[in-house]
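Descriptive analysis of the structure
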Amino acid sequence: MPETEETLPFFRIAVLDDVPSTLAMTKMVLESQLECEVKTYSTAEAILDLSPSDYPDLFLLDIVMEGMDGLELCRRLKENPETAAIPVIFLSAHGDCEGRVTALQAGGVDYIDKPFYPEELHARIRTQILLHHSARQLRQQTAEQQALLRILCHDLRNPVAAVSSILELINDNPEEIPELLPLAGCSIQSALELIQHVRDFRNLIDAGQSYAAERVSVTKAFQEVLTINHPRAREKGVGIKQEIDGDPHLVINRVVLVHNILNNLVSNAIKFSESGSTLFLRARHLEENPDIIQLQVEDSGIGMDAATVKHLFDPEKNRSREGTGKETGLGFGMPLVKRYLDLFHGRIEIDSRPGSASPEDGGHGTRVDLYLPGSPH
């Protein structure tokens, strides 16, 4: 939705000028006519020393200064990725055409002559702030669209791969068709759920809302995950065992838990396990805090070194590794798991030892512990 004067959030402006009276007047004019906070600076160096938490929504810079002038400061700001997108308006008493062109070439979005008219200053700044916030909204929307595409491309791989594995098993073992066809139906239903899930997420974003949590049985969630991953685990010769203490329930979205979190973790465990090994799915109430449910996915696979674990949740640095059966991936799984856990107030811990770890060091493998709010009733 386009922003108007009524919806525009409170914003901050940094003003640079070496004339105290100009700084005082600019601050008074802007704060009296706009919902903003104005901070004034008499040297360019003071602005360059700002911490990221103090970056404004707009810079208003005088051009002619002792030492570093406004043009050079603007160039420096545009070279910094953290300030490059912040609009810069120039103030100058030298309003010749060449000076205006130079100011725009340096990265400015507008140029105002001094002495300025208060109404003009207010109007010019308001316009640029609106443009800046609209551009930021567009970047956020683009990032969300990319995230949705990643979710769809990544998480659809599990049920689609399951159907592919089931068809191969049916081809090799036609006598098992009555047992395998229901598994194929379950995987197809999972794929349809994921597609609807992404569509719902898009609508929630447009409405400025988030997923509604529900009471979800861990036992049923584990069963869904086992059904989807059974064909791939069987094909690879990997066993899966459950250990559930009681009948714990979580406060979370079911599709998120099953498809975006547990399926990613279990499919990873299968991917990095050797034939003949067993992975475990566990669930229990924490003794020290019964309101929290601990879920655990543990394998005895090839494990990860400390450097890999460190970047596991960073979508820019996490890289997919080849599985023990030459499986490939996108590298998006663990960042997505972390994103959804944060959304539902959960946390994740990883303990992994690479394939070179000796039995004295605990052997190799990976254990993933999730901690999520439980539901007592």
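Quick caveat, the model's predicted, so the values are computed rather than measured.

**Structural notes on the sheet that holds strand β3 (residues 58–62)**
- Spatial ordering of the open sheet is given by β2-β1-β3-β4-β5, a layout of 5 strands whose pairing is parallel. The sheet terminates laterally at β2 (36–41) and β5 (110–113), the two strands that pair on one side only. Between one strand axis and the next, the sheet turns by 20 degrees as a mean value, whatever way the strands run.
- Packing of helix α1 (residues 20–33) onto the sheet brings it into contact with β1 (11–16), β2 and β3, and relative to β2 it is tilted by some 170 degrees.

**A look at helix α6 (residues 157–172)**
- End to end, α6 covers 22 Å across 16 residues, agreeing with the expected 22 Å (1.5 Å per residue, within 8%).
- Regarding α6, the residues found buried are Asn158, Pro159, Ala162, Val163, Ser165, Ile166, Leu169 and Ile170. Across the axial projection of α6, the buried residues extend over an arc of 165 degrees, all falling on one side. Away from its buried face, by an angle of more than 90 degrees, α6 presents the exposed residues Leu167, Asn171 and Asp172.

**A word on the sheet that holds strand β10 (residues 292–299)**
- Spatial ordering of the open sheet is given by β7-β9-β10-β12-β11, a layout of 5 strands whose pairing is mixed. Two strands bound the open sheet, and with one partner strand each, they are β7 (239–244) and β11 (347–353). In this sheet, neighbouring strand axes are inclined to one another by 10 degrees on average, regardless of whether the strands run parallel or antiparallel.
- In terms of strand pairing, β11 meets strand β12 (residues 365–373) through 7 bridges, oriented antiparallel. Paired with Glu349 across the strands is Asp369, a residue of β12.

**Remarks on the environment of Leu61**
- Within the fold, Leu61 resides in strand β3.
- Look at Leu61 and you get buried, because its relative accessible area is 0%.
- Along the primary structure Leu61 and Ala14 are separated by 47 residues, whereas in three dimensions their C-alpha atoms are 8.1 Å apart.
- The residues touching Leu61, leaving out its near neighbours within four places in the chain, are Leu16, Ile47, Gly70, Leu73, Cys74, Leu77, Val88, Ile89, Phe90 and Leu91.

**Observations concerning the packing of α6 against helix α8 (residues 218–236)**
- Relative to each other, α6 and α8 sit at 55 degrees, their axes nearing to 8 Å. Classed by the angle they form, the pair α6 and α8 counts as oblique. Once α6 is placed against α8, the crossing between them reads as left-handed. Only Ile228, Pro231, Arg232, Arg234 and Glu235 of α8 make contact with α6, whose side of the interface consists of Asn158, Pro159, Ala162, Ser165, Ile166, Glu168 and Leu169.

Basis of the calculations
Residues numbered from 1 in each chain as written. Predicted model: local features only at pLDDT ≥ 70, side-chain atom pairs only at ≥ 80, totals over all residues. Heavy atoms only, no water. Pairing = 2+ DSSP bridges. Helix = DSSP H or I, 4+ residues; strand = E, 2+ residues; numbered from the N terminus. Axes fitted to C-alpha atoms, helices over the stretch in contact; angles between N-to-C directions. Contact = heavy atoms within 4.5 Å. Expected span 1.5 Å × (residues − 1). Buried < 20%, exposed > 50% of the residue type's maximum accessible area, 1.4 Å probe, protein only. Arc of directions from axis to C-beta. Parallel < 35°, antiparallel > 145°, perpendicular 65-115°, else oblique. Left-handed = near helix turned anticlockwise from the far one by under 90°.

As far as function goes, none of this settles anything; it's purely spatial.
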